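# Fold and geometry: a report
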Amino acid sequence: MAPKPKPASSQPPPPPPLEDLFTTLNRHIQASAFDNAVKLTDQILAIAPDDEDALRCKVVALIKADRVEDALSAIQSSRKQLDDFHFLKAYCLYRQNKLDEALESLKRQERNNETMLLESQILYRLGKMDACLDIYQKLQNSKIDNVEINSVAALVMAGRSSEVQGMLDSLRVKPTSSFELAYNTACSLIARKKYTDAEQLLLSGRRIGQEILMEDNLADDEIETELSPIAVLLAYVQQLLGRKQEAMEGYTDMIKRDMADESSIAVAVNNLVSLKGPKDVSDSLRKLDRLKEKESQSFRLARGLDLKLSTKEKEAIYANRVLLLLHANKIDQARELVSALPDMFPESVIPVLLQAALLVRENKAGKAEEILAQFASKFPEKSEVVHLARAQVAAAAGHPHIAADSLAKISDIQHMPATVATLVSLKERAGDIDGAAAVLDVATKWWSNAMTEDNKLNIIMQEAALFKLRHGKEEDAAQLYEELVKSQGSIEALVGLVTTVARMDVVKAELYEKQLKTLPGLKGIDVDSLERTSGVKRVEAPHVGVPETYEEGKNKTKTKKKRKRKPRYPKGFDPANPGPPPDPERWLPKRERSTYRPKRKDKRAAQVRGSQGAVVREKHDTGASSNNSNPKSNQGASKGATQSAVSEQTKPSSKSRKKSRN
């Protein structure tokens, strides 16, 4: 009898020692196998739920594996709160673009270099550049690597590009020390409109980046992905330099190869769309469609792009999308997207400008003027561009009063010649002549007191004098011309003064006329004889008669005689025996010549009546009985009659065509 098997023990095998598990965990982390590391930390926490090292390793591994949501859940569900959990939680919230919550969580963490660096990045994303720069200033003496890269980026975004070179000199850092720093420094040069220097720096940065990344044994595809922001910015500089074809090729090549990171692809698509403008709108819309969330019916940027792109870049993409929809006449889609923009960019002026453009496209200029005025009154610090837009809309809609009032509210440009000319023209169209004169008077007074090298007083006063003359104010115009002559010594002003005063006081005009210099060659001109002539006659030689009165005592210049050339005859033509003269009507069509006789029409042809293909019956028809007895012959006769009828009808049209060709 076989022995009975021993019953299996119900107890599970004992867990491996924690030291072995941590050794394996360290091996996974060194190999960047973060998913395996997370599984192993779960085993450790099952044995030791309160192990701080295992819990910290789990959160960090989840962040490294881009499982930010899971890392945040692990922090919130942990029974034990570690000292650095507020920092890790703030970083997770920063990755989720929940910036205000991230900043609040970071305030609970003890302040050190790491927390200050994260805080500066959050402030940079929030657009608070001054506070961000203050932190970077404090971090410059620390041992954090590449802090100057972020400092340059913050200076550029804060509009302080002119301070970049000074900061690099104080840190004793060259722009070409890394390709990231070269990129940010090139951005500062672009902001200062030094496009050629920016292009050279970008080329150097790309070469340095290729050398550094090749030393790190990166593949060619990975190197191209790392350097894609430089390629996009280089194409943008070429666009600014006017080399649009090169820029378009650079954008198109990057989009087709699709080897760059998604943010660089988005910037390339946006720049290409703006460069093409309204040409090929459907293709531009298709290119923008690749940037949106695939599951969304309306246009919304993909979540990854929404987190990586800056606010200005996202705003530019949405604005270009709206403009393309307007060009494509897709008003409903444009209206839907415009209605969502104020919530996306509440502090920007772009949404209200796009809304006004949409209303103008719908022939609602009055409504557009109304919303622009409301925004300007609500945000006076951002009202300059809104007032300009309102003035343009009102002027195009035939509302010169509103356009002039909007333009007059921009105080910074009131004295500029272009603004003065526009205001005067608008007020003249509105019938406000006194208001137009007041604009010119204010501009004249401003330039009279201005201490600038490029003074426009001469231009403003001359235009003011012309305006006075145009509206019958000769005395005011003469006064302006006289001031110009005394202050500037302008010959044009003196001429204007003479012509203006001559309308009121001829004697005084003659006194001013004596100040004009005598033109050479006018000593022998008899003014009375010129006034008696009917007008100036055109002569071939403009200097005929001038040598006699040009300067006494000099030899007369000899007039050049034209050399007579022999006429050139056709080959074989004998001028002695030319033969009969050619027909003078040879260039006219035949029907217009005097010898043309049209052909007579043949009136004896049988006239075909009825529809096309009808059978012609003669008066003496003797075949009625035979037609009933032979249907085949009837069909043949009908077919022949039809063909003859068609041929008879087509003959006149062919004759008419032949006649038109003659």
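For the structure, see preceding data.
Keep in mind that this is a model prediction, so the values were computed, not measured.

### Regarding the overall build of the protein chain
Counting secondary structure elements, the protein chain contains 34 helices and zero strands. In the protein chain, buried positions account for 33% of the 662 residues. Considering only residue pairs separated by 6 or more positions, the protein chain has 47% of its internal contacts joining residues 24 or more positions apart. Here the protein chain displays about 44,600 Å² of accessible surface, and carbon together with sulfur accounts for 50% of that area.

### Points about the pattern of salt bridges
Close approach of charged atoms lets side chains of opposite charge pair. Going through the model one piece at a time under the given rule, you end up with 25 salt bridges. A salt bridge links D306 to K314; its shortest N-O distance comes to 3.4 Å. A relative accessible area of 12% means that K314 is categorised as buried. One continuous salt-bridge network, built from bridges that share partners, spans K276, D283, R286 and K287.

### Here's the deal with the side chain of N271
Looking at the secondary structure, you find N271 in helix α16 (residues 262–276). The residues touching N271, leaving out its near neighbours within four places in the chain, are V232, Y236, Q239 and Y251.

### A few points about the nonpolar core
Counting 49 residues, the largest nonpolar core has V59, F85, I122 and L168 as its most contacted members. Setting aside residues up to four positions removed in sequence, V59 forms contacts with A71, A74, I75, F85 and L88.

### Some thoughts on a negative patch on the surface
Negative charge collects at one region of the surface, where E180, D220, D221, E222 and E226 lie side by side. The biggest single contributor to the negative patch is helix α13 (residues 220–226), with four residues. Secondary-structure assignment places E180 in helix α11 (residues 179–191).

### Here we look at the packing of helix α3 (residues 52–64) against helix α5 (residues 85–95)
It is at 12 Å that the axes of α3 and α5 come closest, and there the two elements cross at 15°. Between α3 and α5, the angle falls in the class roughly parallel. Judged by the sense of rotation from one axis to the other, the crossing of α3 with α5 is left-handed. When α3 is examined against α5, the residues L55, V59, V60 and I63 are found in contact with a partner set consisting of F85, L88, Y91, C92 and R95. Residues that form the contact of α3 with α5 fall into these classes: eight nonpolar, no polar and one charged.

Rules and cut-offs
Residues numbered from 1 in each chain as written. Predicted model: local features only at pLDDT ≥ 70, side-chain atom pairs only at ≥ 80, totals over all residues. Heavy atoms only, no water. Helix = DSSP H or I, 4+ residues; strand = E, 2+ residues; numbered from the N terminus. Buried < 20%, exposed > 50% of the residue type's maximum accessible area, 1.4 Å probe, protein only. Contact = heavy atoms within 4.5 Å. Areas by Shrake-Rupley, 256 points an atom, 1.4 Å probe, with all protein chains shown as cover. Salt bridge = Lys/Arg side-chain N within 4 Å of Asp/Glu carboxyl O. Core = buried A, V, L, I, M, F, W, Y, C linked by side-chain atoms within 4.5 Å. Patch = residues over 30% accessible without salt bridge, like charges linked within 9 Å, V, L, I, M, F, W, Y side chains within 5 Å. Lys, Arg positive; Asp, Glu negative; His and termini not counted. Charge placed at Lys NZ, Arg CZ, Asp CG, Glu CD. Axes fitted to C-alpha atoms, helices over the stretch in contact; angles between N-to-C directions. Parallel < 35°, antiparallel > 145°, perpendicular 65-115°, else oblique. Left-handed = near helix turned anticlockwise from the far one by under 90°. Nonpolar A, V, L, I, M, F, W, Y, C, P; charged D, E, K, R; others polar.

Just distances and angles here, no functional claims.
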